[in-house]
Each structure stands twice: as structure tokens, then as C-alpha cells.
Amino acid sequence: MSLTPTSDFSFAAGTNSVPVVATELPMVCKNYPILFTDGAQTQMVALLGLRASENVMVDDKGNWTPGTYVPAYIRRYPFIFFENEDKSQYTLCVDEDAKTVVEGTENPFFVDGEPSKMTQGALDFCRDYQAHYAATAEFLKAVAEADLLVENRADATLADGRKLSLSGFKIIDEAKFNALDDETFLAWRKRGWLHLVYCHFISNGNWNALVERTAMKNAN
């Protein structure tokens with residue numbers, strides 16, 4: 001089996017949000033609203049569409065919008081880590097149904113029974129991603145403990161008059177963040193967490209662009 005060198009993001013066309021890790025927020029905040037999920041285990045996500053099953057960044061041919069950042073969660077596909085029950089070991093897995101997984105020897109997964117350079121690169125990428133994911137979880141835990149998250153709702157009106165509404169997510173309350181005590185603020189600065197909060201605030205400026213992309217995609 002081999003992996004085609006071409007990019008096809010059609011697998012992500014039906015998802016409107018994906019998890020993001022702390023290290024990529026400076027890139028994510030330039031293109032997408034960064035939100036926090038409402039659930040038992042909070043996650044940071046990049047919002048890719050206003051409808052539950054629509055990613056406005058992927059066109060009908062599977063191309064990602066040129067000039068915009070592709071989140072690492074998307075880029076690692078068709079690879080993913082599988083965690084065992086006691087969380088002591090990860091196994092690199094591949095989605096064999098992915099369009100990019102084909103028969104051939106052009107870009108093989110294995111050479112002479114050993115992982116190829118491509119597979120080793122995927123392993124390193126997923127290992128780094130998992131480490132960043134764990135570090136991000138520490139930040140999210142601190143945000144929750146500081147009680148900074150508040151429920152939010154987004155309402156949008158498209159150019160043709162159609163109305164869209166998105167709920168079930170949280171954002172950091174700016175007033176609560178500014179009211180953090182000095183000890184917590186300095187501790188967050190030392191941990192490198194302050195810029196993550198600012199990236200979240202900056203990302204709020206991407207809502208209008210997301211509405212425009214939604215209107216353009218539904219007009220075609």
C-alpha cells in the first residue's frame with residue numbers, strides 16, 4: 001500500500017469544527033474563530049463552518065481554501081494515534097478507506113518490512129501532536145479552574161436573508177480574565193499561557209469572514 005502525494009481534504013468537508021492545540025493558535029487565530037466546547041472535557045476548536053455538517057473551507061473538489069491555515073488535526077489524516085486501555089502505549093493507525101491510501105509503491109508505508117521514511121515522519125508528527133495535546137489540556141484545566149468560560153451564541157444573517165444560529169460553545173469572558181489576581185496572571189505568563197488567551201480574543205474577528213464564506217459557498 002502507498003500514500004498518494006496529492007492533498008484531498010474531502011474527508012473533512014462534513015465537519016464544522018476540529019480540535020486545535022496551543023502551539024498552533026497563532027496561525028489558527030488568523031483564519032478561524034477559536035471556541036471552547038461545552039462538555040465534561042473542554043476542548044479548544046477551530047470553527048470551520050456555521051452549520052453542523054458543513055466545512056466552508058473545503059470546495060467540491062476537496063481543495064482547502066488557498067492561503068489559509070490547515071489545522072494539524074486535519075493534516076495528520078489518514079494517520080491517527082490509538083491509545084490502549086491503561087493509556088501506557090500509543091499505536092500509529094491509518095484509515096485504509098482514505099482516498100489517499102492506494103495500492104502501489106510510489107510512496108509506500110513499508111520498505112523491506114520496515115517503516116518507510118514517510119511512515120516514520122507520520123509517527124513523529126503524531127507523537128509531537130499528542131505531546132502538544134497533553135500540554136494544551138493543562139491550559140484548558142487552568143482556564144476551567146479560574147472560571148473564565150461563559151456560554152455564548154452566534155447569530156448570523158446571510159446576504160439572501162437566511163438566518164443561522166450556532167450555540168453550545170463557550171468563550172473566555174474578557175472581564176473575568178482582566179480580573180485575574182496578580183499571582184495567577186504572573187503564573188500564566190511564566191507558563192506561556194497569556195498569548196493563548198489573546199489569540200482567542202483575536203480570533204473573534206473572523207466571524208464576519210466565516211459568514212461571508214458561508215454565503216459564497218451556498219450561492220454556488
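Residues numbered from 1 in each chain as written. Predicted model: local features only at pLDDT ≥ 70, side-chain atom pairs only at ≥ 80, totals over all residues. Heavy atoms only, no water.

The name an unreviewed UniProt entry gives the chain is SapC family protein, with Thalassospira marina as the organism.

A word on the overall build of the chain. Counting secondary structure elements, the chain contains seven helices and 11 strands. Judged by the C-alpha coordinates and their principal axes, the chain covers about 60 × 50 × 30 Å. A buried classification covers 39% of the 220 residues belonging to the chain. In the chain, of all internal contacts separated by at least 6 residues, the share reaching a separation of at least 24 is 66%. A total accessible area of about 12,700 Å² is found for the chain, and carbon and sulfur atoms account for 51% of it. When the 20 positive and 30 negative side-chain charges of the chain are each reduced to one mean point, those points stand 6 Å apart. (Helix = DSSP H or I, 4+ residues; strand = E, 2+ residues; numbered from the N terminus. Buried < 20%, exposed > 50% of the residue type's maximum accessible area, 1.4 Å probe, protein only. Contact = heavy atoms within 4.5 Å. Areas by Shrake-Rupley, 256 points an atom, 1.4 Å probe, with all protein chains shown as cover. Lys, Arg positive; Asp, Glu negative; His and termini not counted. Charge placed at Lys NZ, Arg CZ, Asp CG, Glu CD.)

Moving on, we get to the environment of G62. Summarising the element assignment, G62 is placed in the loop between β4 (44–47) and α2 (72–75). For G62, a relative accessible area of 0% corresponds to the buried category. Along the chain, G62 and F9 lie 53 residues apart, while their C-alpha atoms are 4.7 Å from each other. What G62 contacts, discounting residues up to four positions off in sequence, is S7, D8, F9 and S10.

Inspection of every chain in the model, using the stated rule, returns zero disulfides. The thiol sulfur of C29 is not disulfide-bonded, and the nearest other cysteine sulfur, from C199, lies at 4.1 Å. C93 forms no disulfide, and the closest cysteine sulfur to it belongs to C126, at a distance of 9.3 Å. The exposure class of C93 is partly exposed, given its relative accessible area of 27%. (Disulfide = S-S within 2.5 Å.)

What follows covers the nonpolar core. By size, the foremost hydrophobic cluster in this structure holds 51 residues, and its most contacted members are W64, F139, I172, F177 and W188. Counting only elements with at least two residues in this core, the list comes to α1 (25–28), β3 (34–37), β4, α3 (117–145), β10 (149–157), β11 (163–172), α6 (194–203) and α7 (207–219). Counting nine residues, the second-largest nonpolar core is a separate cluster that includes L3, F79, F81 and M118. (Core = buried A, V, L, I, M, F, W, Y, C linked by side-chain atoms within 4.5 Å.)

What follows deals with the environment of A144. The residue A144 is located in helix α3 in this model. Between the C-alpha atom of A144 and that of A46, which follows or precedes it by 98 residues, the distance is 19 Å.

Enumeration over the complete set of coordinates arrives at six salt bridges. A salt bridge links D38 to K170; its shortest N-O distance comes to 3.7 Å. With D38 in the loop between β3 and β4 and K170 in strand β11, this pair connects stretches of sequence that are 132 residues apart. Residue E138 is joined to R191 by a salt bridge in which the shortest nitrogen-to-oxygen separation is 2.6 Å. Of the two residues, E138 sits in helix α3 while R191 sits in helix α5 (residues 182–191), which places them 53 residues apart along the sequence. Judged by its relative accessible area of 43%, E138 falls in the partly exposed class. By relative accessible area, which is 46% here, R191 ends up partly exposed. (Salt bridge = Lys/Arg side-chain N within 4 Å of Asp/Glu carboxyl O.)

Turning our eyes to something else, we now look at the packing of α5 against α6. With their axes 7 Å apart at the nearest point, α5 and α6 run at an angle of 90° to one another. Taken together, the axes of α5 and α6 are roughly perpendicular relative to one another. Contacts between α5 and α6 involve F185, W188 and R189 on the former and, on the latter, L194, V197 and Y198. Across the contact of α5 with α6, the residue classes tally to five nonpolar, no polar and one charged. (Axes fitted to C-alpha atoms, helices over the stretch in contact; angles between N-to-C directions. Parallel < 35°, antiparallel > 145°, perpendicular 65-115°, else oblique. Nonpolar A, V, L, I, M, F, W, Y, C, P; charged D, E, K, R; others polar.)

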